[in-house]
Amino acid sequence: MTERPAYADLPGGDASGVFGPGDALGALNLQTPTAIAHAATLVREGAVFSLNAPVDWVDPPLFSREQVEHHVFTTPRGNLDDWLDRYYLQASSQWDGFLHARRPDGDFHNRLPAAGHGVHVWAARGIAGRAVLLDVGAYLADQGRPLHWRTRAEITAADLEACRAACGVEQRAGDVLLIRTGWASEYERASVAERTAVRADTTGPGLAADDELLAYLWDWGVSALACDNIAVEALPLGPVALHPRLIGLLGVPLGELWWLDELAAHCARDGRYECLLTSAPINLRGGVGSPANALALK
Ligand code: UVW
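Here the structure is a predicted model, which is why all the values come from computation and not from measurement.

Participant: So what's going on with the overall build of the protein chain? Which residues, and what values?
Facilitator: Helix and strand counts for the protein chain come out as 9 helices and 13 strands. The C-alpha radius of gyration computed for the protein chain amounts to 19 Å, which stays within 12% of the reference 19 Å derived for 298 residues, consistent with globular compactness. Summarising its shape, the C-alpha atoms of the protein chain cover approximately 60 × 45 × 45 Å along the three principal directions. When each of the 298 residues of the protein chain is scored for burial, the buried share is 43%. By sequence separation, contacts in the protein chain at least 24 residues apart represent 80% of the contacts at least 6 residues apart.

Participant: Before we move on, can you summarise the site of the ligand with the specific residues and values?
Facilitator: Every residue lining the ligand is accounted for by Asp96, Ala101, Ile230, Ala231, Leu237, Ala241, His243 and Glu256. Its residues assigned to classes, the shell around the ligand shows 5 nonpolar, 1 polar and 2 charged.

Participant: Hey, could you go over the nonpolar core for me, with residue numbers and the actual values?
Facilitator: Core analysis: the biggest nonpolar cluster contains 83 residues, and Leu133, Leu178, Val252 and Trp258 have the highest contact counts within it. Each residue touching Leu178, except ones within four places of it in the same chain, is listed here: Ala131, Val132, Leu133, Ala226, Trp258 and Leu260.

Participant: Describe in detail helix α9 (residues 261-270), supporting the description with residues and values.
Facilitator: Every buried residue of α9 is accounted for by Leu263, Ala264 and Cys267. Buried residues of α9, seen end-on, are gathered within an arc of 100° and therefore sit on one face of the element. Exposed and oriented more than 90 degrees from the buried face of α9 are Ala265 and Arg269. Residues of α9 that are buried sit in contact with β1 (48-50), β5 (127-134) and β13 (294-297). Looking at the residues trailing α9, positive phi occurs at Gly271, about 70°.

Participant: Got a sec to walk through the sheet that holds strand β10 (residues 254-256)? Specific residues and values, please.
Facilitator: One open sheet accounts for 9 strands, arranged β1-β13-β11-β5-β7-β9-β10-β4-β12; its pairing is mixed. Either end of the sheet is taken by a strand with one partner, and the two such strands are β1 and β12 (289-291). Direction aside, neighbouring strands of the sheet carry axes that sit 25° apart on average.

Participant: For the pairing of strand β11 (residues 274-279), give the residues involved together with the corresponding values.
Facilitator: Where burial is concerned, most of β11 is hidden: 5 out of the 6 residues are buried. Alignment of β5 against β11, held across 6 bridges, turns out to be antiparallel. Residue pairing in the sheet places Arg130 in a bridge with Leu276 of β11. Pairing of β11 with β13 involves 4 bridges; the strand directions are antiparallel. Across the sheet, Leu277 pairs through a bridge with Ala296, a residue of β13.

Participant: Describe the pairing of β5, naming the residues involved and giving the relevant values.
Facilitator: Counted residue by residue, β5 has 8 buried out of 8 residues, so it is predominantly covered. Bridge count between β5 and strand β7 (residues 176-179): 4 bridges; the pairing is parallel. Bridge pairing in β7 links Val132 to Leu177.

Participant: Give a description of the environment of Asp107 that names residues and reports values.
Facilitator: Topologically, Asp107 is positioned in the loop between β4 (94-96) and α2 (119-125). A count of 16 C-beta atoms within 10 Å places Asp107 in the partly exposed class. Remark: the alpha-carbon pair of Asp107 and Leu249, spanning 142 residues in sequence, is separated by 9.3 Å.

Participant: Quick rundown of unusual backbone geometry? Include the residues and the values.
Facilitator: That bond from Asp59 to Pro60 is cis: its omega, 5°, falls within 30 degrees of zero. With an omega of -5°, the peptide bond running from Leu235 to Pro236 counts as cis. For Pro236, the location among the structural elements is in the loop between β9 (224-227) and α8 (243-249). The backbone phi angle of Asn110 is positive, close to 60°, even though this residue is not glycine.

Rules and cut-offs
- Residues numbered from 1 in each chain as written.
- Predicted model: local features only at pLDDT ≥ 70, side-chain atom pairs only at ≥ 80, totals over all residues.
- Helix = DSSP H or I, 4+ residues; strand = E, 2+ residues; numbered from the N terminus.
- Rg over C-alpha atoms; globule rule 2.2 N^0.38 Å.
- Buried ≥ 20, exposed ≤ 12 C-beta atoms within 10 Å, placed from the backbone.
- Contact = placed C-beta atoms within 7 Å.
- Near = placed C-beta within 6 Å.
- Nonpolar A, V, L, I, M, F, W, Y, C, P; charged D, E, K, R; others polar.
- Core = buried A, V, L, I, M, F, W, Y, C linked by C-beta atoms within 7 Å.
- Arc of directions from axis to C-beta.
- Pairing = 2+ DSSP bridges.
- Axes fitted to C-alpha atoms, helices over the stretch in contact; angles between N-to-C directions.

Below is the structure:
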């Protein structure tokens, strides 16, 4: 791979063409065989963590989605089979694909037509590599700046860097960055009334949508980013949102609503905030998003 330009050298923060004119993998290109082989060396105990909340976990569903319905039927040979009605692919732990958010100028990532994208492109290769877990919620609480899951707060590049340094974990190109805000833990504990209130008002903490944040992620070489909150970025959105720039301009897949608690607890216990991560996006031609199907291994 040719040398990747620094964020400051990307015109307008646009990574179009960096990985080639027809490329639909974006930052996933940084998950090179060398990076993946290194990530495999991080599996030392055989501990496996599912990072997937249940399909029907968010209840009532957000953003005018309807609740999934699971049906089971008996086949003519007497076996059981099942199907889902109203299975919104982005309703629980999921990836936003490159069709989910356009660039600020309305094009899709790398200026490809819609037909050039789709989660099937990612499914064909899979997502794998070293993941770094930053438990920013715990870190900021220790600093006397706790996040509240129903209050808007911006997590800055400086916060991420301070948390990373405190964890003693290095940056490597190709890393999948996992950011725990604590939102998912609070949602898991919430009453029906509190969950219903979330559907009406999704206000909550998330990443700041500014150039420092974009530069931090790009210059690190983050190949994908997943958080335990609703939309990665702070809600409600500010005047300039992160999605069009992270997905549309930089080509970084965004994971939302990931379940990171057991992994975070394990990292806190052994002091190792890195692991092997695998994720198998659904092989859906033209898919806009995908269930995460993500595992962390240590
Ligand atoms: C935004 O697009 C801001 O959020 P989501 O990915 O959850 O739809």
